[in-house]
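Residue-level listing of the chains:
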Amino acid sequence: MNNDRTEKLQTLIDKIKDVDTAMMSTMDEDGSIRSRPMRNQQIKDDGAIWFFTGYESGKSHEIKNDSHVNLSYAKPSDNLYVSVSGKATLTKDKSKIDELWTPAMKAWFPEGKDDPNIGLIKVTIDKAEYWDSPNSAVVHLIGMAKAAITGERYKTGDHDKMNL
C-alpha cells in the first residue's frame, strides 16, 4: 500500500472507528436505493469494514445483484459526517464469524455462531468523503465573524474527498 493511500485510509478509520452504527445503502432490483442501520463489527487497516447479516436477508440479495454500497456515518455531537462508497461481498467464513462474534449477536442469531442464516458482509472501500467541524459554538461564531470581516468564505471545518 502506498504512503498516501495508507495515510488517507488511517484518517478515515480514525474518524469512523468510534461510530457504532452506519446506514448501509444498497440498490434494490427496481433501481431504488434502500438504507438500513448496521452495527460496525470491525474496520481493518486494509480498508475492509465488516458487518454481521442474515445471509438470506433482503440486503444480501441486493448485494448479490449489485455489490456497490454506501455507508453513511454521523456523529452529530462532534459535527462529524462521513460517506463511504465501496463494494460488498457476502461470506459465511466460519473463522471470521468466530473472530467477530460477541454474545450480543445472539439477539439476531438465536442459534449462536452456528445459526444457519448467519453471514458477514465485507465492504472494501473505494471512495470516501468526510466533513469534520469543531463542535464549539464559540469556535463557529469566531469563524463566521472572521469570514464576515475579511470577506472570505466561512470554512466550517475539515472536508476531504478520498479515492482509495
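The structure this text deals with has already been given above.
The notes below deal with the structure included here. (Residues numbered from 1 in each chain as written. Predicted model: local features only at pLDDT ≥ 70, side-chain atom pairs only at ≥ 80, totals over all residues. Heavy atoms only, no water.)

A short note on the pairing of strand E6 (residues 80-91)
Relative to E6, strand E5 (residues 68-75) is paired through eight bridges, and the arrangement is antiparallel. Across the sheet, Val-69 pairs through a bridge with Gly-86, a residue of E6. Between the end of E5 and the start of E6, which pair antiparallel, lie four residues, with Asn-79 showing a positive phi angle near 55°. (Pairing = 2+ DSSP bridges. Helix = DSSP H or I, 4+ residues; strand = E, 2+ residues; numbered from the N terminus.)

Description of helix H1 (residues 3-16)
Note: α-helices contain 3.6 residues per turn, so residues at a spacing of three or four share the same orientation. Across its 14 residues, H1 extends 20 Å between first and last C-alpha, which sits within 8% of the 20 Å expected from 1.5 Å per residue. For H1, the set of buried residues is Arg-5, Leu-9, Leu-12, Ile-13, Lys-15 and Ile-16. Taken end-on, H1 shows its buried residues confined to a sector of 160°, consistent with a single buried face. In H1, those exposed residues whose orientation departs by more than 90 degrees from the buried face are Asn-3 and Glu-7. Where H1 is buried, its residues touch strand E3 (42-43), strand E4 (48-54), E5, E6, strand E7 (118-132) and strand E8 (158-163). (Expected span 1.5 Å × (residues − 1). Buried < 20%, exposed > 50% of the residue type's maximum accessible area, 1.4 Å probe, protein only. Arc of directions from axis to C-beta. Contact = heavy atoms within 4.5 Å.)

Details of the pattern of salt bridges
Applying the stated criterion across every chain, the model contains 12 salt bridges. In this structure, Asp-126 and Lys-87 form a salt bridge, with 3.6 Å as the shortest nitrogen-oxygen distance. One end of the pair, Asp-126, is in strand E7; the other, Lys-87, is in strand E6, and 39 residues separate them in sequence. Residue Lys-87 is classed as partly exposed on the basis of its relative accessible area, which comes to 37%. Among the charged side chains, a network of salt bridges with common partners joins Lys-94, Asp-98, Lys-113 and Asp-114. (Salt bridge = Lys/Arg side-chain N within 4 Å of Asp/Glu carboxyl O.)

Re the pairing of E7
Both E4 and E7 contribute to a ladder of seven bridges, which runs antiparallel. By the bridge assignment, Ala-48 is partnered in E7 with Thr-124. In this sheet, E8 lies alongside E7 in antiparallel orientation, the contact comprising six bridges. Residue Tyr-130 lies in a different strand from E8, and its bridge partner there is Asp-160.

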